[in-house]
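# Descriptive analysis of the structure
Read off the chains here:
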Amino acid sequence: MPKAVGAIVLSFFCVVIVRTSVGAQVPASPAWAYGVPPAEAAPVNRSPNAGGNGGPRQPDASPKHVPGSTQAFTLAHIRDYWDVGDWFPDDHPPMPNVVVHGRQPHVRGCAMCHMPNGKGRPENAPVAGQPYAYLVQQLMDFKHGLRASAEPRKTNTAQMIEAATDMTDEEIKEAATYFSSMKWTQWITVRESATVPRTRLAGNVFLPLPGTDMEPIGDRIIEAPEDVERFELRDPHSGFIAYVPPGSLKKGAALVASGGGKTAPCSTCHGLDLKGLGPVPAIAGRSPSYIVRQLWDIKEGTRKGEWSPLMKPIVENLTQDDMLAIAAYVASQGQ
């Protein structure tokens, strides 16, 4: 083989080897935790205005109700970022203006995503009962470009950045005071199962399909509403089921307690009951999808606020399976 040709061939193989090695060091994000399809999956095109027969969906202006509430809201009101509907106003302290109405055009009402009870949903952060200082710091991290999602398809993170960037110091103080004043209560049921109801993704959330079809859970946590209709109505009394792979809780308990030679015990910073310690957030009973997202974001360096460097060495050696197990166990501690 001529030397010039041999050199080209050798260079080609070197490039292939380098690219393969680099690619092997950068695993894809845990798509299920972000509520997006795996990167290799073909996108599903569904018109937001399409009805069941493919025609335009007719507006529904009828009043809606949820069990135990005397309130009535239309779907338009339920979906209004600037006037958040509150099914159970006696469940919590009076909401400040920024939590109910926000401030147009960029600061949406906080309770639209985080719910009036502050518990959020799988696609959002569960902020109720978190330390005031922690909530303020996170809003400031969003505001100053120090907190973003490692998964670009998680578009509501951009909405959070937009809102925090435009919030005044007083609005940040009011929101943090409100959400930190509430006690966290059980919201998620964790179940180990090799199979889960067949679901579809909508708005970064797994929604069970009608019927009884099941599918293998694989290496995922499937966090889904207990009742899809009440979920769509944003009923704060209707929670979620987090299906986790068999064996996750045992593995997670070991990692949380001792670190398993890969990390430090979670109780060192988050407290013996995992309900927070000083300005460090509570993690017990919180959304496992959310917890995995935060661990992955910190590992990937997109969450790099003032306190994130403390977590960076904690997550450095964790695999996605480790994160899944930790999140499953931690979420189960709220039951």
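The model shown is predicted, which means the values in this text are computed figures rather than measured ones.

### Some thoughts on the nonpolar core
One broad trend across soluble globular proteins is that nonpolar side chains are buried collectively. Core analysis: the biggest nonpolar cluster contains 68 residues, and Val-99, Phe-179 and Ile-221 have the highest contact counts within it. Residues within four places of Ile-221 in sequence aside, it is in contact with Trp-32, Phe-206, Ala-242, Tyr-243, Val-244, Pro-288, Leu-324, Ala-327 and Ala-328. Listed in part, the seven residues of the second largest apolar core include Phe-73, Ile-78, Trp-87 and Leu-233.

### Comments concerning the sheet that holds strand β6 (residues 222-225)
The strand order β1-β7-β6 describes an open sheet built from three strands, whose pairing is mixed. Either end of the sheet is taken by a strand with one partner, and the two such strands are β1 (188-192) and β6. Recorded for the sheet is a direction-independent mean angle of 25° between the axes of neighbouring strands. Note that β6 and strand β7 (residues 240-244) share four bridges and pair antiparallel. Along β7, the bridge assignment pairs Ala-224 with Ile-241.

### Section: empty space enclosed by the protein
Counted according to the given criterion, the structure contains four cavities of 30 Å³ or more. Considering only enclosed or pocket space, the largest cavity measures out at about 70 Å³ in volume. Taken together, Ile-78, Val-84, Gly-85, Asp-86, Trp-87, Met-112, Met-115, Pro-116, Leu-233, Arg-234 and Pro-236 form the lining of the largest cavity. Among the residues making up the lining of the largest cavity, the classes are represented as eight nonpolar, one polar and two charged. Roughly 50 Å³ of volume is contained in the second largest cavity.

### Digging into helix α6 (residues 132-143)
With 12 residues, α6 ought to run about 16 Å at 1.5 Å a step, and its terminal C-alpha atoms sit 17 Å apart, in line with that. Within the span of α6, buried status applies to Tyr-134, Leu-135, Gln-137, Gln-138, Leu-139, Asp-141 and Phe-142. Contacts made by the buried residues of α6 are with α7 (156-166), α8 (169-180) and α12 (288-300).

Criteria and cut-off values
Residues numbered from 1 in each chain as written. Predicted model: local features only at pLDDT ≥ 70, side-chain atom pairs only at ≥ 80, totals over all residues. Heavy atoms only, no water. Core = buried A, V, L, I, M, F, W, Y, C linked by side-chain atoms within 4.5 Å. Buried < 20%, exposed > 50% of the residue type's maximum accessible area, 1.4 Å probe, protein only. Contact = heavy atoms within 4.5 Å. Pairing = 2+ DSSP bridges. Helix = DSSP H or I, 4+ residues; strand = E, 2+ residues; numbered from the N terminus. Axes fitted to C-alpha atoms, helices over the stretch in contact; angles between N-to-C directions. 1 Å grid on protein atoms, 1.4 Å probe; cavity = no way out; pocket = protein on both sides within 12 Å on 5 of 7 lines; lining within 4 Å. Points joined across faces, edges and corners; volume = space filled by probe spheres on them. Nonpolar A, V, L, I, M, F, W, Y, C, P; charged D, E, K, R; others polar. Expected span 1.5 Å × (residues − 1).

Any functional reading would require information that these geometric values do not contain.
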